[in-house]
Amino acid sequence: SSGINAEYGEAKADCERRGFYFAKIRNKAENDLLVEAINRVYDGVRHDKKFHHENWIWIGATDLKASGDFEFYDGEPIKFSIPWAKNQHDNKKTKKQGSQDYAAVSRWGEWDDSYGNDWNRPYACQCNPHGVAIDREMEEANAAWEREVLRRNELKDRLKKEKETKKNMKKEARQAKKKARQERKQK
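As the structure is a computational prediction, the values presented were derived from the model and not from experiment.

## Focus on the packing of aromatic side chains
Turning to step 1, where the next piece is worked out: If you walk through the whole model with that rule in mind, you get 8 aromatic pairs.
Turning to step 2, where the next piece is worked out: Ring geometry for F70 and W84: centres 5.0 Å apart, planes at 65°, overall edge-to-face. With F70 in the loop between β3 (56-62) and β4 (71-72) and W84 in the loop between β4 and β5 (93-94), this pair connects stretches of sequence that are 14 residues apart.
Turning to step 3, where the next piece is worked out: With a relative accessible area of 6%, F70 lands in the buried category.
Turning to step 4, where the next piece is worked out: Residue classification places W84 among the partly exposed positions, given a relative accessible area of 21%.
Turning to step 5, where the next piece is worked out: Three or more aromatic residues joined by ring pairs form one cluster here, namely Y8, F22, W58, Y73 and Y102.
Turning to step 6, where the next piece is worked out: The ring of W145 has K28 sitting right over it, with the charged end atom 5.1 Å from the ring centre.
Turning to step 7, where the next piece is worked out: Of note, R121 hangs over the ring of W58, and the distance from its end group to the ring centre comes to 4.7 Å.

## A few points about a positive patch on the surface
Turning to step 1, where the next piece is worked out: On the surface, a cluster of positive charge is contributed by K163, K166, K167, K170, K171 and R174.
Turning to step 2, where the next piece is worked out: Note on placement: K166 falls in helix α3 (residues 136-186).
Turning to step 3, where the next piece is worked out: On the accessibility criterion, K166 (56% relative accessible area) is exposed.

## A look at helix α1 (residues 8-17)
Turning to step 1, where the next piece is worked out: Among all positions in α1, only Y8, A11, D14 and C15 are buried. All buried residues of α1 lie within an arc of 125° about the axis, which places them on one face of the element.

## A word on the packing of helix α2 (residues 28-41) against α3
How two helices sit against one another is set out by the angle between their axes and by the gap between those axes.
Turning to step 1, where the next piece is worked out: Packing of α2 against α3 brings their axes to within 8 Å, and their N-to-C directions diverge by 105°. For the element pair α2 / α3, the angle class is roughly perpendicular. Two secondary-structure elements touch here, α2 through K28, A29, E30 and L33 and α3 through M138, N142 and W145.
Turning to step 2, where the next piece is worked out: Among the residues forming the contact of α2 with α3, the class breakdown is 4 nonpolar, 1 polar and 2 charged.

Procedures and definitions
- Sequence order sets the numbering: in each chain, residues are counted from 1 along the sequence as written.
- Thresholds applied to this predicted model are a pLDDT of at least 70 for local features of residues and 80 or more for the giving and counting of side-chain atom pairs; totals over whole chains, interfaces and linings are not thresholded and use all residues.
- Each side-chain value is worked out from all heavy atoms of the structure, with water and hydrogens disregarded.
- Paired rings are identified among Phe, Tyr and Trp, the last through its six-membered ring, by centres lying within 6.5 Å, and are further divided according to the angle between planes into stacked (under 30 degrees), edge-to-face (over 60) and tilted (the rest).
- Only DSSP runs of H or I with at least four residues qualify as helices, and only runs of E with at least two residues qualify as strands; both kinds are numbered from the N terminus onward.
- Relative accessible area decides the class of each residue, using a 1.4 Å probe on protein chains only: under 20% of the type maximum gives buried, over 50% gives exposed, and in between gives partly exposed.
- Two conditions define a charge located above a ring, namely a distance within 6 Å from the ring centre to NZ of Lys or CZ of Arg, and an angle within 35 degrees of the ring normal.
- Grouping into patches uses exposed residues only, defined as over 30% relative accessible area, and leaves out salt-bridged ones; the cut-off is 9 Å for like charges and 5 Å for nonpolar side chains (Val, Leu, Ile, Met, Phe, Trp, Tyr).
- Here the accessible surface of atoms and residues is derived via Shrake-Rupley with a 1.4 Å probe, and residues count as covered only by protein chains that are part of the display.
- By salt bridge we mean one thing: a side-chain nitrogen of Lys or Arg within 4 Å of a carboxyl oxygen of Asp or Glu.
- Under this rule, positive means Lys or Arg and negative means Asp or Glu; His and the chain ends count for nothing.
- One atom stands in for each charge, and that atom is NZ of Lys, CZ of Arg, CG of Asp or CD of Glu.
- Think of it as the arc spanned by the lines of direction from the helix axis to the C-beta atoms.
- Axes here mean lines fitted to C-alpha atoms, for a helix over just the part in contact, with angles spanning 0 to 180 degrees between N-to-C directions.
- Roughly parallel means an angle under 35 degrees; roughly antiparallel means over 145; roughly perpendicular covers 65 to 115; every other angle is labelled oblique.
- A contact between two residues is defined here by any heavy atoms of the two lying within 4.5 Å.
- Any residue that is not Ala, Val, Leu, Ile, Met, Phe, Trp, Tyr, Cys, Pro, Asp, Glu, Lys or Arg is counted as polar, Gly included; the first ten are nonpolar and the last four charged.

This is the structure in structure tokens:
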């Protein structure tokens, strides 16, 4: 089930009022199922601006307890690698809106942290508080996702180390040149 548009707190309350649960996305396969459902509801149509509020659907995840540590609204931990949008979660803060403590999923499957009190967005509710039953295909998709995240992180770490090594080599070369110039001046 999905709601029309509401702020985060209103969305959660509306799910409960209807006898549902605010959606908990517990793995990559469920994330993909949500995206499929979103695209069926909206016929694949989305706003041109990536971060337009209608491109994002509230789900029941937040980092209110510990900034940057997302969990579900009832304290259940999120145990999979969240597919964050590029440069997210950034936890921006403003005086008017506070902190970006609420999660939304895009129509293409990425997550974003957002201001919960400032965006009226579509939202997702679910019937079963335990999510969907995971079949073998979904288990394989989840495992493939986690392997891909690990591969990306290893690549990112390797590139970071290579960049740091190059930076140190350049610094050492500059210091050596400077020392050589000083020695020439002293002669």
